[in-house]
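An overview of the molecular structure
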Amino acid sequence: MKKILGVDIGGTDIKLGIVSAEGEIVESGKIPTLAGEGPQHAAGRIAAWLEERDAGHQETVAAGIDCAGLIDGSKGYLYYSPNLPGWVDLDLFGLFSGALGMPVTVDNDVNCAAWGEYVLGAGRGTRHFVCMTLGTGIGGGVVADGRLYRGWQGLAGEIGHQVIDRSGPRCMCGTAGCLEAMANASSIVSRARSAIAAGAESVLEDSESLTSKDVAGAAADGDDVAIETLAAAGRALGTGLANIVHLFNPEVIAVGGGVAGAGDLILEPARESMRGQLMADIFASVKVVPAELGNMASLVGASMMALGKSD
Ligand SMILES: [Zn+2]
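These lines cover the structure that appears in this document, whether it is placed above or below. (Residues numbered from 1 in each chain as written. Predicted model: local features only at pLDDT ≥ 70, side-chain atom pairs only at ≥ 80, totals over all residues. Heavy atoms only, no water.)

Structurally, Asp 223 is set in the loop between helix H6 (212–220) and helix H7 (224–248). In this structure Asp 223 is buried but unpaired, with Arg 191 as the nearest side chain of opposite charge at 13 Å. Not counting the four nearest positions on each side in its chain, Asp 223 is found in contact with Glu 201, Ser 202, Val 203 and Ala 218. (Helix = DSSP H or I, 4+ residues; strand = E, 2+ residues; numbered from the N terminus. Buried < 20%, exposed > 50% of the residue type's maximum accessible area, 1.4 Å probe, protein only. Lys, Arg positive; Asp, Glu negative; His and termini not counted. Salt bridge = Lys/Arg side-chain N within 4 Å of Asp/Glu carboxyl O. Contact = heavy atoms within 4.5 Å.)

This part takes up the packing of aromatic side chains. Summed over all chains, the structure comprises four aromatic pairs. Taking 5.0 Å as the distance between ring centres and 40° as the angle between the ring planes, the aromatic pair formed by Trp 115 and Tyr 118 counts as tilted. A residue pair is termed a helical-turn pair when its members lie 3 or 4 positions apart in one helix, as Trp 115 and Tyr 118 do in helix H3 (residues 109–120) at three residues. Assigned by exposure class, Trp 115 and Tyr 118 land together as buried. Three or more aromatic residues joined by ring pairs form one cluster here, namely Trp 115, Tyr 118 and Phe 129. (Phe/Tyr/Trp six-rings, centres within 6.5 Å; stacked < 30°, edge-to-face > 60°.)

Burial within strand S2 (residues 13–20) is extensive, with six of its eight residues counted as buried. With seven bridges joining them, strand S1 (residues 3–9) and S2 adopt antiparallel strand pairing. Note on S2: the bridge partner recorded for Ile 4 is Val 19. Hairpin connection, S1 to S2: the antiparallel pair is bridged by three residues. Here seven bridges tie S2 to strand S3 (residues 25–32), and the two strands are oriented antiparallel to one another. The partner of Leu 16 across the bridge, within S3, is Gly 29. (Pairing = 2+ DSSP bridges.)

Protein coordination at the zinc ion comes from His 161 (ND1), Cys 171 (SG), Cys 173 (SG) and Cys 178 (SG), with a distance range of 2.1 to 2.3 Å. Classification of the site at the zinc ion as tetrahedral follows from its four donor atoms and the range of 105 to 123° in their angles at the metal. Sequence spacing of the donor residues for the zinc ion, all on one chain, is H-x9-C-x1-C-x4-C. With relative accessibility at 8%, the residue Cys 171 sits in the buried group. Cys 173 sits in the partly exposed class, given a relative accessible area of 38%. (Donors = N, O, S within 2.8 Å, 3.2 Å for Na, K, Ca; no water. Tetrahedral: all angles 85-135°; square planar, octahedral: opposite > 155°, others 65-115°.)

What follows is about the packing of H6 against H7. At a minimum axis distance of 7 Å, the contact between H6 and H7 shows a crossing angle of 120°. With respect to each other, H6 and H7 are oriented oblique. As H6 packs across H7, the resulting crossing turns out to be left-handed. From H6, Val 215, Ala 216, Ala 218 and Ala 219 reach across to H7, where they touch Ala 226, Ile 227, Thr 229 and Leu 230. Here the contact of H6 with H7 is built from residues that sort into seven nonpolar, one polar and no charged. (Axes fitted to C-alpha atoms, helices over the stretch in contact; angles between N-to-C directions. Parallel < 35°, antiparallel > 145°, perpendicular 65-115°, else oblique. Left-handed = near helix turned anticlockwise from the far one by under 90°. Nonpolar A, V, L, I, M, F, W, Y, C, P; charged D, E, K, R; others polar.)

Put into structure tokens, the structure is as follows:
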């Protein structure tokens, strides 16, 4: 039975999985990233991890690698990754195919998550699909007519950096009012804090440790400040989604990531906001649903991408 090695390189850990052709993770593990030791060092340790489990690659026929950052997936070229200091302008494709001795694919984590959801999760059965991850950052991957849409340098799908409100809060990218700055986890915390500081009554306390998950929990328990905080993020998200629909006409948009854990508390205001910004027939043509594969979506998606290259 042919299998694929899936590798998800994060800032702290590298998640590893041996994945079946059907997308089932047969064996999984984790090693430290040690980004400071450089990519060659990481590739060597990944190869050793695989060698211990499948000596001589009897079953593993290809590897799919993903990490956060600006990556041209058509060439496996990493421009820059915010999580991997010093990993700049690298031919990851050459490096990993050399270290592992098998065909590899390299793409950014959100494109891989989108591909995983398209093949095995919320986008199954469609040909036009968008997947958005909503967490510390906001990213997206676009599948157009059954193919991942990368753009000419692999930088398409940066849907978190579409501007929603030019007078909105600063974004880490340098612009103001990006979707990411208006609906990511830290924007939810700041909005809740501002409401509490302005005297609104809430079960939430303005503490250092306040998280977007706390806000979601309080909203689920009926706290008005928390509900309105998520609704405001949801309305910004709805504008972002309406723009995506105008551009790509997807059948399904899946929303994953930690913030999406709030479910309809954020998605329902987003759908309402979309309804106000789209023509009725267009609004009716698209479903906005939770993503299905959870935090293994990137690893599984990277494996499925590599599977396509393994024959
Ligand atoms: Zn931005």
